[in-house]
Amino acid sequence: MTEPAPTEPDPTDSRTETGHERIRRLFADAESDGRAVLLPYLTAGLPSVEESPSLFSAMADAGADGFEVGIPYADPLMDGPVIMEAGERALEAGVTVDRALDVVRSVVDTTGKPVLVMTYVNPVLRRGIGGFFSRVAASGASGVIVADLPADEAAPFARAAGEHGLGLVLFVAPTTDDDRLEHVVASDPVFVYAIAEIGVTGERDDASVNIEALAERIRSRSDLPIVFGVGISTPGHASIAASHGDGVIVGTAVVRRVLEADSAVEAANDLSTFVAELRAATDVSRVARR
Amino acid sequence: MKLERPDARGRYGTFGGMYAPETLMPALFELETAFTEAWSDDDFHAELDHLLRTFVGRPTPVFRAARLSDRLGVDLWFKREDLAHTGAHKINNTVGQGLLAKRMGKPRVIAETGAGQHGVATATACALFGLECEVYMGEKDIERQALNVYRMQMLGTKVIPVTSGAGTLKDAVSEAMRDWVSSVETTHYIIGSVVGPHPFPWIVRELQKVIGEELQQQMPADGIPAPEVIVASVGGGSNAMGIFYPYAADGGVELVGVEAGGLGLASGKHGASLGVGSPGVIHGSMTYMLQDDFGQVLEAHSVSAGLDYPGVGPEHAYFKDEDLVRYESVSDDEAMEAFHLMAQTEGIIPALESAHALAWIVNEADQLRGRTVVLNLSGRGDKDVQQVAALYD
């Protein structure tokens, strides 16, 4: 790893820093560096539990600021065919919640980057909300994203996240009306996940037409970091998202490269190239952005 | 006690709720508002009632199953939903929700289907109202319910095969929801059972409770003794909810829901979400479901495509915990025997779903001796004839 561990702050700080604070610091640092936060998404355990961390390392070396690591789920209602297939492959390979969180532990330890765990509601409830968040915190992750958890059902999740120092992410979609938007930002998520496209995850040919208006609607009500995701498929798309938001999540375009690769080494090489392109596209200066 | 409406958060006790991607949430609230307004609008009721009478053929008759009564020693009656237009109770829901889609100005409708009856009923309502219609159906179900695929196509509906998972009802619901996440601004999703995020379980129950309400009027009017036991099959649970709801918490009537026992509860290959499942979230709702230790949804199994579902409506989960309804199960084999028994003893080929309800009555005939029992004959079995014939080849 060429980059110095990104967290070399004053040691008293790092001992007490919660996951929530870690994520917030990520945005503060990116802002002062004049770039948007780049968070690639990848399902845990691909192509295998053993090889999975190497893909995250390749992305970290290429300039990823942190990661969204997916726990594979059998019935992912928010995901298109590519991430669905990734989940199916991981489940067939025996990637349970615990194994996925072992991957998270390894990613956190080897890259030093903050990790957000992505899951659906039911695996959390099955373990018990408190138990799940406790286990996630023990893995070294900093935050949690629950794809089918609207703000309306989020209170017990937010409580558990608070108890374990984790950041909980909440969503805003282009369909979200102003009343709901107020409710989401008032719930104090660690950041707002701004859904760029009306639809499930998956690559799109054209950049989202919703980004600018959505960013303005959120920004006029809150200072929370805004991260765009869903449909952001190319460096060009990422650049547009970065120019209006504080961060960018790229999922399907990353996952597809892993599914298409013949080996973990090939996947790592492809991701390295792709993430470097995304990095360059999201190094948009704060001044230019505002 | 039973609830008129779920609470403000869409809950029946601890069950129900709205676990949906944010993109869908505004549409769910829009739907709740639209249905609340329509349901308190006399004009909406008048139009719906007129269609139920002249298009669907309601009220459906109550029929005394005389030869089966003699044979089983039970005073057995059938509520004949199989005689409703398109051959099942599903049309009660789709005509109501079709009217609602029109009222909301949504030009396109999507639906999922397992046995194909809900797909046919949705295709029918869309043809009636001039709405564009696409129906998601699992690959495996397309095979075993081929007749209903042709019927949907003849009605002008596009049937979209679903290849994910086991290619059955659960996967069809998931695919329909994914479509809806993308198309929500122009599309109404007519869900086929009392499942899904609020307000769907409430809307479908309100549209199906006509079954039980008719029965409450018909039996005294025809001089029939009041039912002591009402039996219905339960997959997602819409036919059962339709006939149970008006009687629930009545005290006088024993309500029995019969789930798919498949190859036996111990085999793990069944659809008994209430019988041996545990609480969790499936398709946007907290309910009893089949899941593993890690919260992954398990595949259900049933010879009946309509009962081949690893979840169940949240109000049934509530009824179970409140002891308002007793939930039992019968195996594939018992249901098949009952299928033939009804055909040969009463001259009615039942849907394999409804055959489950009869199978339970056969199993419990000794306990039911001399009592007045109503079976909700939720659908006719034409769709199953090919599949049953193949099993005996």
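Since the structure is predicted, the reported quantities are computational estimates derived from the model, not experimental observations.

Scoring rules and cut-offs
Throughout, a residue's number is its position along its own chain's written sequence, starting from 1. Chains and ligands are labelled by the order in which they are written, letters from A for the one and numbers from 1 for the other. This being a predicted model, a pLDDT of at least 70 is required before a residue's local features are given, and a value of 80 or more before pairs of side-chain atoms are given or counted; all residues contribute to the totals for chains, interfaces and linings. Side-chain numbers come from the whole structure's heavy atoms, not from hydrogens or water. The aromatic pairing rule takes the rings of Phe, Tyr and Trp, using the six-membered ring of Trp, and pairs them if the centres are within 6.5 Å, calling planes under 30 degrees apart stacked, those over 60 edge-to-face and the rest tilted. Note on conventions: DSSP H or I runs of at least 4 residues are helices, E runs of at least 2 residues are strands, and numbering of each starts at the N terminus. In this analysis, strands are considered paired if DSSP registers two or more bridges between them. The contact rule is simple, with two residues in contact once any of their heavy atoms fall within 4.5 Å. An axis is simply a line fitted to the C-alpha atoms; with a helix, the fit covers only the stretch in contact. Between two such axes, the angle follows the N-to-C directions and lies from 0 to 180 degrees. Only buried Ala, Val, Leu, Ile, Met, Phe, Trp, Tyr and Cys residues count toward a nonpolar core, and they belong to the same one when joined by side-chain atoms within 4.5 Å. Here the term buried applies to any residue with accessible area under 20% of the maximum for its type, exposed to any over 50%, and partly exposed to those in between, with areas from a 1.4 Å probe on protein chains only. Boundaries of every domain are those given by an automatic assignment or by a domain database. Salt bridges are defined by distance alone: a side-chain nitrogen of Lys or Arg within 4 Å of a carboxyl oxygen of Asp or Glu. Each residue after the first adds 1.5 Å to the expected span of a helix. Accessible area, probed at 1.4 Å, shrinks when two parts are joined; the buried area is that loss added up over both. Under the grouping applied here, Gly and all other residues not named as nonpolar or charged are polar, the nonpolar ones being Ala, Val, Leu, Ile, Met, Phe, Trp, Tyr, Cys and Pro and the charged ones Asp, Glu, Lys and Arg.

### Structural notes on the packing of aromatic side chains
Now for step 1: This structure, assessed with the given rule, holds 15 aromatic pairs over all chains.
Now for step 2: On the basis of an interplanar angle of 20° and a centroid distance of 5.3 Å, the ring pair of Tyr73 of chain A and Tyr120 of chain A is categorised as stacked. You can see Tyr73 of chain A sitting in the loop between strand S2 (67-70) and helix H4 (81-92) and its partner Tyr120 of chain A sitting in the loop between strand S3 (115-119) and helix H6 (121-127), a full 47 residues away along the chain.
Now for step 3: Members of the aromatic cluster, connected to one another through ring pairs, are Phe35, Trp39, Phe44 and Trp202 of chain B.

### Focus on the sheet that holds strand S7 (residues 192-195) of chain A
Paired through their backbone hydrogen bonds, the strands of a sheet run either parallel or antiparallel.
Residues and elements named next belong to chain A.
Now for step 1: Taking strand neighbours across the sheet as the criterion, the nine strands line up as S5-S4-S3-S2-S1-S9-S8-S7-S6 in an open arrangement whose pairing is parallel. The open sheet is flanked by strand S5 (167-168) and strand S6 (170-172), the only strands paired with a single partner.
Now for step 2: One ladder, built from four bridges, connects S2 with S3; its direction is parallel. Bridging across to S3, Phe67 finds its partner in Val115.
Now for step 3: Where helix H5 (residues 97-111) meets the sheet, it contacts S2 and S3, and its direction lies at approximately 160° from that of S3.

### Re the sheet that holds strand S6 (residues 132-138) of chain B
Residues and elements named next belong to chain B.
Now for step 1: In spatial order, the strands read S7-S6-S5-S8; together these four strands make up an open sheet with parallel pairing. The open sheet has two edge strands with one neighbour each: strand S7 (158-162) and strand S8 (187-189). Taking the axes of each pair of neighbouring strands and ignoring which way they run, one obtains an average angle of 25° across the sheet.
Now for step 2: Of the strands in this sheet, strand S5 (108-113) and S6 are in contact with helix H5 (residues 117-129), which crosses S5 at around 165°.
Now for step 3: Of the strands in this sheet, S5, S6, S7 and S8 touch helix H8 (residues 169-183), which is tilted by about 160° from S5.

### Structural notes on the nonpolar core
Now for step 1: With 205 residues, the main nonpolar core has Phe133, Phe191 and Phe228 of chain A as its most contacted residues.
Now for step 2: If you count residues domain by domain, this core takes at least three from each of domain 1 (12-51 + 90-205) and domain 2 (59-88 + 209-391) of chain B.
Now for step 3: Of all hydrophobic cores here, the second largest spans 31 residues; its members include Val330, Met342, Ala355 and Val388 of chain B.

### Some thoughts on the interface of chain B and chain A
When the parts come together, some accessible area is lost, and that loss is often what is quoted as the size of the interface.
Now for step 1: Taken together, the contact between chain B and chain A spans 36 residues of the former and 35 residues of the latter.
Now for step 2: At the junction of chain B and chain A, the tally comes to three salt bridges.
Now for step 3: In this structure, Arg180 of chain A engages Glu22 of chain B in a salt bridge whose closest nitrogen and oxygen atoms are separated by 2.8 Å.
Now for step 4: Secondary structure elements with two or more residues in the side of chain B that touches chain A: helix H1 (25-39), H8, strand S11 (278-282) and strand S12 (285-289) of chain B.
Now for step 5: Considering each element in turn, the side of chain B that touches chain A owes the most residues, seven residues, to H8 of chain B.

### What about helix H10 (residues 210-221) of chain B?
Residue and element names in this part refer to chain B.
Now for step 1: Spanning 12 residues, H10 covers 16 Å between terminal C-alpha atoms, matching the ideal 16 Å at 1.5 Å per step.
Now for step 2: Among the residues making up H10, those that are buried are Val210, Ile211, Gly212, Glu214, Leu215, Gln218 and Met219.
Now for step 3: Where H10 terminates, the next one or two residues include Gly223, which has phi positive at roughly 70°.

### Regarding unusual backbone geometry
Now for step 1: Residue Pro47 of chain A is reached from Leu46 of chain A by a cis peptide bond, and omega for that bond is -10°.
Now for step 2: Mapping Pro47 of chain A onto the fold places it in the loop between strand S1 (37-43) and helix H3 (52-61).
Now for step 3: Here the amide bond leading from His198 of chain B into Pro199 of chain B is cis, since omega sits at 10°, within 30 degrees of zero.
Now for step 4: Along the chain, the position of Pro199 of chain B falls in the loop between S8 and helix H9 (200-208).
Now for step 5: Phi at His283 of chain B is positive, roughly 50°, even though this residue is not glycine.
Now for step 6: Within the secondary structure, His283 of chain B sits in the loop between S11 and S12.

### Notes on the domain arrangement of chain B
All names here are of chain B.
Now for step 1: Split into domains, chain B comes out as domain 1 (12-51 + 90-205) and domain 2 (59-88 + 209-391).
Now for step 2: The distance between the C-alpha centroids of domain 1 and domain 2 comes to 22 Å.
Now for step 3: Tallying the contact residues gives 43 residues for domain 1 and 46 residues for domain 2.
Now for step 4: The junction of domain 1 with domain 2 conceals about 3,400 Å² of combined surface from both sides, 59% of it contributed by carbon and sulfur atoms.
Now for step 5: Its largest share of buried area at the contact with domain 2, domain 1 owes to Phe15, Arg144 and Arg205, together 23% of the area lost on that side.
Now for step 6: Counting every contact that joins domain 1 to domain 2 gives three salt bridges.
Now for step 7: One salt bridge connects Lys170 with Glu299, and the closest N-O pair in it is separated by 3.9 Å.
Now for step 8: Breaking the side of domain 1 that touches domain 2 down by element, the ones donating at least two residues are strand S2 (15-16), helix H4 (90-104), H5, helix H6 (139-144), helix H7 (146-154), H8 and H9.
Now for step 9: With six residues, the top contributor of residues to the side of domain 1 that touches domain 2 is H8.
Now for step 10: Grouping the amino acids of the side of domain 1 that touches domain 2 by side-chain chemistry returns 19 nonpolar, 16 polar and eight charged.

### Quick look at the pattern of salt bridges
Residue and element names in this part refer to chain A.
Now for step 1: Inspection of every chain in the model, using the stated rule, returns 48 salt bridges over all chains.
Now for step 2: Notably, a salt bridge pairs Asp178 with Arg221, separated by 3.2 Å at the nearest N-O pair. Of the two residues, Asp178 is situated in helix H9 (residues 178-186) and Arg221 in the loop between helix H10 (211-219) and strand S8 (226-229); the sequence distance between them amounts to 43 residues.
Now for step 3: Owing to a relative accessible area of 36%, Asp178 belongs among the partly exposed residues under this scheme.
Now for step 4: Looking at Arg221, the relative accessible area reads 27%, which means it is partly exposed.
Now for step 5: What you see here is one network of salt bridges that share partners, running through Asp33, Arg35, Asp65, Arg279 and Asp283.

### Describing the environment of Ala221 of chain B
Now for step 1: Following the sequence through the fold, Ala221 of chain B ends up in helix H10.
Now for step 2: Counting along the chain gives 111 residues from Ala221 of chain B to Asp332 of chain B, while the straight-line C-alpha distance between them is 37 Å.

### Some details on the pairing of strand S14 (residues 372-377) of chain B
A regular strand places its side chains on the two faces of the sheet in alternate fashion.
Residue and element names in this part refer to chain B.
Now for step 1: With six of its six residues buried, S14 lies for the most part within the structure.
Now for step 2: Side chains Thr372, Val374 and Asn376 of S14 all project onto a buried face; the interleaved residues Val373, Leu375 and Leu377 project onto the opposite face, where all are buried too.
Now for step 3: In this structure, strand S4 (residues 75-80) lies alongside S14, joined through six bridges in parallel fashion. The partner of Lys79 across the bridge, within S14, is Asn376.
Now for step 4: Pairing between strand S9 (residues 229-233) and S14: three bridges, direction parallel. Across the sheet, the residue bridging to Ile230 is Val374, located in S14.

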